[in-house]
Amino acid sequence: MYVAWGTCLLTPSLLLANASDFAEIVEQAKHGTVGILTQSTSPEGNSFSVRGSGIYLGDRYILTARHATKRPGSGTTADPQHISVISSTFEEASATLVGVNRFLDVALYRIPQEMLPHGLSARKFSQAEALPGERVFTVGYPLGWGPVISYGYIGNPDTFLQTIQSRLLQVDLSACSGNSGGGLFNTQGEITGIIHAIIQTETTREERRCSRFAFAVPGPLVHKIVTALIEGKPFHFSKLGLQLDSVKIGTQWHMAVAQATGPARRAGFKKGDVLLSIDNQPVASASQLKTYVIEQTRPFQAVSIRILRDHREKVIRVILGKSLPSPLE
């Protein structure tokens, strides 16, 4: 692994009913979670270890983080064609690669019908975006042990790390090495994200590789990728081609062009152009611009970007390009 709540009055019986319902939701999420196995290190083959987590989507599909399928120290960038998974009932099955998306660090595998473990509970994606303060939980195999359930809240739903190109959900819940690829579920048991990374905040040996500073790939983005992989279609994100720097004008910081390539260069952007808005949406940060391009546009769409150049405002129309697909998309 790389490294809200409304106020209402409830009767005791309703509280118990809600608690019982939520317990069932969590139980179903547990049965919809699998462990991604490492190769057996026992000469007799009578033991197993888990290196990551995955989610059962139904129709024999297993979703996980791409990096969770890689064997530590293998020194290869190739995606394994086959992995082994273990269910919460300790049934093991092999799964064959359907496809990956390196842009979002996701991988999709499929289990043969004759090997499908009993009792797997298919999970579906939430259609709503995760909101700050929203209650969530995850099920996975932290440090190779589980399935373990951890509860928490959505923090900032618009953060970025250098490990992938999309925005991430920052989550306040306990996660460790081994949680990668596991589902982040809302209180209805729907997939609202895929656990991607943690930032290590503890320094003691006993607590290393775990943190409450976790990050997840947003569920709606992953859902688009999964749909494309299942349909056997390549998926492309829009590409703008701007590298930005921060500049200060008076007391206000803005984003300015450091380098323009591809679509942005062809549209006429110059170094030092200060970005003000895109399609009339204010641009206050590079992450805001990136999120808009990735999630609100499609390749070859025209967007209008308002800039400040030589103390004058100007609107530049850009025809967006497209990202390159992964080999197995």
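Residues numbered from 1 in each chain as written. Predicted model: local features only at pLDDT ≥ 70, side-chain atom pairs only at ≥ 80, totals over all residues. Heavy atoms only, no water.

What follows deals with the sheet that holds strand β7 (residues 135-140). With antiparallel pairing, the six strands of this closed barrel are ordered in space as β7-β8-β9-β12-β11-β10. The sheet shows a mean angle of 40° between the axes of neighbouring strands, direction not considered. Bridging between β7 and strand β8 (residues 148-154) involves six bridges; their strand directions are antiparallel. Residue pairing across strands places V139 opposite I149, the latter belonging to β8. In the packing of helix α2 (residues 219-231) onto the sheet, the strands contacted are β11 (191-198) and β12 (210-218), and the crossing angle to β12 comes to about 50°. (Pairing = 2+ DSSP bridges. Helix = DSSP H or I, 4+ residues; strand = E, 2+ residues; numbered from the N terminus. Axes fitted to C-alpha atoms, helices over the stretch in contact; angles between N-to-C directions. Contact = heavy atoms within 4.5 Å.)

The pairing of strand β4 (residues 82-86) with strand β5 (residues 92-101) spans five bridges and is classified as antiparallel. Bridged to I83 within β5 is A95. Strand direction decides the pairing type here: β5 and strand β6 (residues 106-110), joined by five bridges, are antiparallel. In the sheet register, N101 faces β6, and the bridge partner there is V106. Hairpin connection between β5 and β6: a loop of four residues separates the two successive antiparallel strands, and D105 in this loop has a positive phi of roughly 60°.

On to the environment of V247. In this structure, V247 sits in strand β14 (residues 242-249). Not counting chain neighbours up to four residues away, the residues in contact with V247 comprise Q252, W253, H254, A256 and V274.

What follows concerns the nonpolar core. Counting residues in each nonpolar core, the largest one holds 28 residues, and the members touching the most others are L57, L63 and V222. Elements with a minimum of two residues in this core: α1 (12-31), β2 (50-58), β3 (61-65), β6, β7, β11, β12 and α2. The dominant element in this core, judged by the number of residues it contributes, is α2, at six residues. Ignoring any residue separated from it by four or fewer positions in sequence, one finds L63 in contact with G54, I55, L57, V106, A107, L108, F125, G181, I194, V222 and V226. Grouped together as the second largest cluster of nonpolar side chains are 18 residues, L242, A260, L275 and I278 included. (Core = buried A, V, L, I, M, F, W, Y, C linked by side-chain atoms within 4.5 Å. Buried < 20%, exposed > 50% of the residue type's maximum accessible area, 1.4 Å probe, protein only.)

Moving on, we get to the confidence of the model for the protein. When pLDDT is averaged across the protein, the result is 87; 87% of the residues are at 70 or more. Overall, residues 1-16 carries pLDDT values under 50, and its contacts beyond four positions in sequence, including any with other chains, amount to 20 contacts. (pLDDT = per-residue confidence, 0-100.)

Chemically, a disulfide is nothing more than a covalent bond linking the sulfur atoms of two cysteines. For the structure on display, the rule yields one disulfide. Through a disulfide, C176 is tied to C210; the S-S separation comes to 2.2 Å. The sign of the 110° torsion about the S-S bond sets the C176-C210 disulfide as right-handed. Within this pair, whereas C176 is found in strand β9 (residues 169-176), its partner C210 is found in strand β12, the two being separated by 34 residues in sequence. Overall, C176 belongs to the buried group, its relative accessible area being 8%. (Disulfide = S-S within 2.5 Å.)

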